[in-house]
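# Structural overview
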Amino acid sequence: VLLDKTATLTEGKPQVVAFEGGEDSKRIAYALETKLDHPLSRCIAEYCGEGENAEEVEYLTGLGAHGYVNGKEYFLGNDRLMKEKGLPFAAWEERFAALSAAGCTVLMLADRERILALFALADTLKEGSREAVQELKGLGCTVRMLTGDNQKVAAHIAEEAGIGGEVFAEVLPEDKWRAVEACRRENASLPKRERRGVAMTGDGINDSPALKAADVGFAMGNGTDVAIESADVVLVGGDVRAVPRAIALSRRTMRIVKENLFWAFFYNCIGIPLAAGVFAFAGVT
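Now for a look at the structure at hand. (Residues numbered from 1 in each chain as written. Predicted model: local features only at pLDDT ≥ 70, side-chain atom pairs only at ≥ 80, totals over all residues. Heavy atoms only, no water.)

The next subject is a nonpolar patch on the surface. There is a patch of nonpolar side chains on the surface, built from F262, W263, F266, Y267 and I270 and spanning about 590 Å² of accessible area. Locating F262 in the fold gives a position in helix 11 (residues 242-275). (Patch = residues over 30% accessible without salt bridge, like charges linked within 9 Å, V, L, I, M, F, W, Y side chains within 5 Å. Areas by Shrake-Rupley, 256 points an atom, 1.4 Å probe, with all protein chains shown as cover. Salt bridge = Lys/Arg side-chain N within 4 Å of Asp/Glu carboxyl O. Helix = DSSP H or I, 4+ residues; strand = E, 2+ residues; numbered from the N terminus.)

On to the side chain of T8. Mapped onto the fold, T8 is located in helix 1 (residues 5-9). Under the relative-accessibility criterion, T8 is labelled buried at 0%. Discounting chain neighbours no more than four positions away, the residues touching T8 are K126, S129, T201, G202, D203, M220 and V240. (Buried < 20%, exposed > 50% of the residue type's maximum accessible area, 1.4 Å probe, protein only. Contact = heavy atoms within 4.5 Å.)

What links the strands of a sheet is backbone hydrogen bonding, and the strands pair in either a parallel or an antiparallel sense. Spatial ordering of the open sheet is given by 2-7-6-5-4-3, a layout of six strands whose pairing is antiparallel. Among the strands making up the open sheet, the edge pair consists of strand 2 (15-20) and strand 3 (54-60). If you compare each strand with its neighbour and ignore which way they point, the axes differ by 20° on average. Where strand 2 and strand 7 (residues 115-122) come together, five bridges link them in antiparallel fashion. Directly across from Q15, in strand 7, lies its bridge partner A122. (Pairing = 2+ DSSP bridges. Axes fitted to C-alpha atoms, helices over the stretch in contact; angles between N-to-C directions.)

With their axes 8 Å apart at the nearest point, helix 2 (residues 23-33) and helix 3 (residues 39-48) run at an angle of 140° to one another. Here helix 2 is positioned oblique relative to helix 3, judged by the angle of their axes. Of the two possible hands of crossing, helix 2 and helix 3 adopt the one that is left-handed. On helix 3, the residues that touch K26, A29, Y30 and E33 of helix 2 are L40, S41, I44, A45, Y47 and C48. Grouping the constituent residues of the contact of helix 2 with helix 3 by class yields seven nonpolar, one polar and two charged. (Parallel < 35°, antiparallel > 145°, perpendicular 65-115°, else oblique. Left-handed = near helix turned anticlockwise from the far one by under 90°. Nonpolar A, V, L, I, M, F, W, Y, C, P; charged D, E, K, R; others polar.)

Our focus in this paragraph is the packing of aromatic side chains. Throughout the structure, instances matching the rule amount to seven aromatic pairs. Centroid distance F19 to F119: 4.9 Å. Interplanar angle 45°. Geometry classified as tilted. Here F119 lies in strand 7 and F19 lies in strand 2, a separation of 100 residues in the sequence. Overall, F19 belongs to the buried group, its relative accessible area being 18%. An angle of 85° between the planes, with centres 5.4 Å apart, marks the rings of W263 and F266 as edge-to-face. Of this pair, W263 and F266 both sit in helix 11, three residues apart, which is roughly one turn of that helix. Among the aromatic residues, ring-to-ring pairing joins F19, Y47 and F119 into one connected group. (Phe/Tyr/Trp six-rings, centres within 6.5 Å; stacked < 30°, edge-to-face > 60°.)

In structure tokens:
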């Protein structure tokens, strides 16, 4: 069972818990993030409150945002974006590592020359997430988490949820589909008696290819319409504890189907010959 992190295991409502930078940085960050529809963008825009007007803002998938404020170019995103743009990251590395180890998602604002500010965002586990993971393990399922966060943040959240080291971190949207395919290949390599299905649980547009690729796709009922259309099972209310309940229910259903088939064959094997007169020689008709 693959579980997406944001809005599946966690509330999907991150809060800015630490900020390092000036008021001008807040105004620039607001200008960029208010143009985007992403949980982290909405969180930063709400925290900053107000600011400038940005132009040509674009979302860089899995990295952050890029745009122009008052004619000047800015980037707001994760460490991969900063490194990709060749910005001097060393001065912020220790702080970045400490916040990441504490489970924070760290985003930085930069211009073409240097990093200007740092935002640390934290998301909380949903009530019942840890319980759901334990129930899945109790059903004999292998549980893995998918997240775009870096390894340290992913490890912290996975530990909180009781998943342990079974984590796909720093995944881009297309990597979620690849993770499902990797699990399917791993499953196919096992002896036939040990093979199991691969399930994916998610809520967003970027989860839909993975939901379709899985043997069973579980969509959170409070997720996007695209995710719901792509899934096989919709969890009404968005409670992740419904995943182990659905699996347990399906197993009970299949057991009853097999029992019904057994008894149907059993009484037909006796009843049909009886009706055909096979036992007439013994006076049984």
